[in-house]
Amino acid sequence: DIGVGMTLSKEINKDPAMADLLFSVFSFQQQTKYFNPKPPMPTKRTLEDIIEKMPAMRSLGKCRDDREVFQKIGQEAFNILKWVILTCRSNFLSLPPSLEFSSFRRRDDVYCQQFMALTATPEQEMIFQQMKKKYGSRFMWHGSPTIRWHTIIREGLKNFTGNDEMTNVGQAYGRGIYFAPVPQTSIGYTRPTDYPDVRNKYKNSTFGDNFTVVSLVEVINLPLSKEEIVEIEFNGDEPGTKIVKKFKGLLIDHGYCFTLQFDEIGGNIHDLASIVRFLFVNLPENAPETINEKYIPTLNQVLSLRANIK
């Protein structure tokens, strides 16, 4: 129903704004040390040249098939674009105007593009819903520099506190993923301190050369400031079998921000207690501080309008 796994031309045609976003954040990150994951590099042209000369996605979306896209942009550009669009396992759907968060639209000449994010695997979603039944959930905001969203979109939010992957001064309140109760706080973290001059080199992007990305995230509502032992049921290696793993979860309210830690006991770090649900490109700085959770659009509503699913 969502349309994942289609050809490149159909994927672009389905949602040119989504394709624009993926290619634009790819453009941002390829100029930094955070460029990961990377596509196979071109040999005859530079990656910078391919990015700068890539046609507008609405134009490519009008191509009848992949062969026409290939003829229009050439082999190496086609290979790069195909990698950016089709290897991304997350899916994003532009919100139809009737389902947009109307209070978050910009009132000036820069439009706030709103996307529903489908970033969790079926197993991750199942795990999240297990915890949600027990603890409930809340919506909070997360802002990261645009140079990081190529990775976040593909790998999810991760706890980079204190290591080389951290971009902002994000350890004032210790380790963990940082969230904010109001969007203005998250907007403040969208500008990088280490790459202040990096811009979107994709000249035909509809988002401009210096756009920002802020996410609305659903977070498991763990008891505040209390380390919680969480047991989660996973599918086993054999069909029909289940295994149980234990995790330590800690959600702390620091006033203007929250930190979330969620680690497997005796295992690896697992960021299973938060899922990005919406992305906002160029969210206005005067955005309202609260959202009405009764009017958060559902996947069925978006698909019904976009794909005429009854």
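Everything discussed here concerns the structure shown above.
Scoring rules and cut-offs
Residues numbered from 1 in each chain as written. Predicted model: local features only at pLDDT ≥ 70, side-chain atom pairs only at ≥ 80, totals over all residues. Heavy atoms only, no water. Helix = DSSP H or I, 4+ residues; strand = E, 2+ residues; numbered from the N terminus. Buried < 20%, exposed > 50% of the residue type's maximum accessible area, 1.4 Å probe, protein only. Contact = heavy atoms within 4.5 Å. Areas by Shrake-Rupley, 256 points an atom, 1.4 Å probe, with all protein chains shown as cover. Core = buried A, V, L, I, M, F, W, Y, C linked by side-chain atoms within 4.5 Å. Arc of directions from axis to C-beta. Polar contact = N/O pair within 3.5 Å; in protein donor to acceptor, adjacent residues only side chain to side chain. Axes fitted to C-alpha atoms, helices over the stretch in contact; angles between N-to-C directions. Parallel < 35°, antiparallel > 145°, perpendicular 65-115°, else oblique. Left-handed = near helix turned anticlockwise from the far one by under 90°. Nonpolar A, V, L, I, M, F, W, Y, C, P; charged D, E, K, R; others polar. Pairing = 2+ DSSP bridges. Expected span 1.5 Å × (residues − 1). Phe/Tyr/Trp six-rings, centres within 6.5 Å; stacked < 30°, edge-to-face > 60°. Lys NZ or Arg CZ within 6 Å of the ring centre and 35° of its normal.

*Asks:* How would you summarise the overall build of the protein if you had to cite specific residues and measurements?
*Replies:* Helix and strand content of the protein: ten helices and nine strands. Relative to its full complement of 310 residues, the protein shows a buried share of 49%. Looking at the protein alone, contacts between residues at least 24 apart form 74% of all its contacts between residues at least 6 apart. Carbon and sulfur atoms make up 48% of the accessible area of the protein, which totals about 15400 Å².

*Asks:* Report on the nonpolar core, specifying residues and quantitative values.
*Replies:* Of all hydrophobic cores here, the largest spans 68 residues; its most connected members are Phe23, Met54, Leu81 and Met131. Top element by residues in this core is helix H2 (residues 16-29). It accounts for nine residues.

*Asks:* Quick one: what's the story with helix H5 (residues 66-73), residue by residue and with numbers?
*Replies:* Along H5, the residues that are buried comprise Asp66, Val69 and Ile73. All buried residues of H5 fall inside an arc of 55 degrees around its axis, so they share one side. More than 90 degrees from the buried face of H5, the exposed residues found are Arg67 and Gln71. Where H5 begins, one side-chain oxygen reaches toward the backbone nitrogen of Arg67, 3.2 Å away; that side chain belongs to Asp65. Positive phi shows up at Gly74, right after H5, with a value of about 90 degrees.

*Asks:* Residues and numbers for the packing of H5 against helix H6 (residues 75-86), please.
*Replies:* Each pair of packed helices gets described by two things: the angle between the helix axes and the distance between those axes. At a minimum axis separation of 7 Å, H5 and H6 run at an interaxial angle of 125 degrees. As summarised for this structure, H5 and H6 are arranged oblique, according to the angle between their axes. As for how H5 packs across H6, the hand of that crossing is right-handed. When H5 is examined against H6, the residues Asp66, Val69, Phe70 and Ile73 are found in contact with a partner set consisting of Gln75, Ala77, Phe78 and Leu81. Grouping the constituent residues of the contact of H5 with H6 by class yields six nonpolar, one polar and one charged.

*Asks:* Any chance you could break down unusual backbone geometry for me, citing the residues and the numbers?
*Replies:* In the segment running from Asn36 into Pro37, the intervening peptide bond is cis, with an omega of 0 degrees. Along the chain, Pro37 falls in the loop between H2 and helix H3 (47-53). Here the phi dihedral of Ser225 falls at roughly 60 degrees; this positive angle occurs in a residue that is not glycine.

*Asks:* Describe the sheet that holds strand S2 (residues 113-118), and please don't skip the residues or the numbers.
*Replies:* Either a parallel or an antiparallel arrangement is found when strands of a sheet pair, and the pairing is made through backbone hydrogen bonds. Pairing is antiparallel in the open sheet, where five strands are placed in the order S1-S2-S9-S5-S3. In this open sheet, the two edge strands, each paired with only one partner strand, are strand S1 (91-94) and strand S3 (137-143). Here the strands of the sheet are splayed against their neighbours by 25 degrees on average, with no regard to which way each runs. Across four bridges, the pairing between S1 and S2 is antiparallel. Bridge pairing in S2 links Leu93 to Met116.

*Asks:* Pulling in residues and values, what's your account of the sheet that holds strand S4 (residues 177-179)?
*Replies:* One open sheet holds the four strands; their spatial order is S4-S8-S7-S6, and the pairing between them is antiparallel. Looking at the sheet topology across the chains shown, the edges are occupied by S4 and strand S6 (228-235). Shown here is a sheet whose adjacent strand axes are inclined to one another by a mean of 30 degrees, direction ignored. Bridge analysis of S6 against strand S7 (residues 242-253) gives eight bridges, and the strand direction is antiparallel. From the neighbouring strand, Glu228 faces S7, where its bridge partner is Gly249. Contacts between helix H7 (residues 122-135) and the sheet are confined to S6 and strand S8 (258-264), with S6 contributing the most and set at about 140 degrees to the helix.

*Asks:* How would you summarise H7 if you had to cite specific residues and measurements?
*Replies:* Its 14 residues place the ends of H7 20 Å apart at the C-alpha level, agreeing with the 20 Å of an ideal helix rising 1.5 Å per residue. Three or more residues of H7 are buried, namely Ile127, Phe128, Met131 and Tyr135. Along the axis of H7, the buried residues cluster in a sector spanning 100 degrees; they form a single face. Away from the buried face of H7 by more than 90 degrees, exposed residues Pro122 and Lys133 are located. Those residues of H7 hidden inside the fold are in contact with S3, strand S5 (213-220), S6, S8 and strand S9 (274-281).

*Asks:* Kindly report on the packing of aromatic side chains, identifying the contributing residues and their values.
*Replies:* Taken as a whole and judged by the stated rule, the model has 16 aromatic pairs. Measuring from centroid to centroid gives 5.5 Å for Trp141 and Phe280, while their planes differ by 50 degrees, and the two rings are tilted. Of this pair, Trp141 sits in strand S3 while Phe280 sits in strand S9, and the two are 139 residues apart along the sequence. Considering the side-chain rings of Phe247 and Phe262, the 5.2 Å spacing of their centres and the 15 degrees angle between planes classify their relative orientation as stacked. Residue Phe247 is located in strand S7, and its partner Phe262 is located in strand S8; the two are separated by 15 residues in the primary sequence. Grouping residues by exposure puts Phe247 and Phe262 together as buried. Grouping aromatic residues by their ring pairs yields a cluster made of Phe23, Phe26, Phe35, Trp83 and Tyr202. Here the basic side chain of Lys245 rests over the ring of Phe234, its NZ or CZ set 5.1 Å away from the ring centre. Above the ring of Phe128, the side-chain terminus of Arg277 is found at 5.3 Å from the ring centroid.

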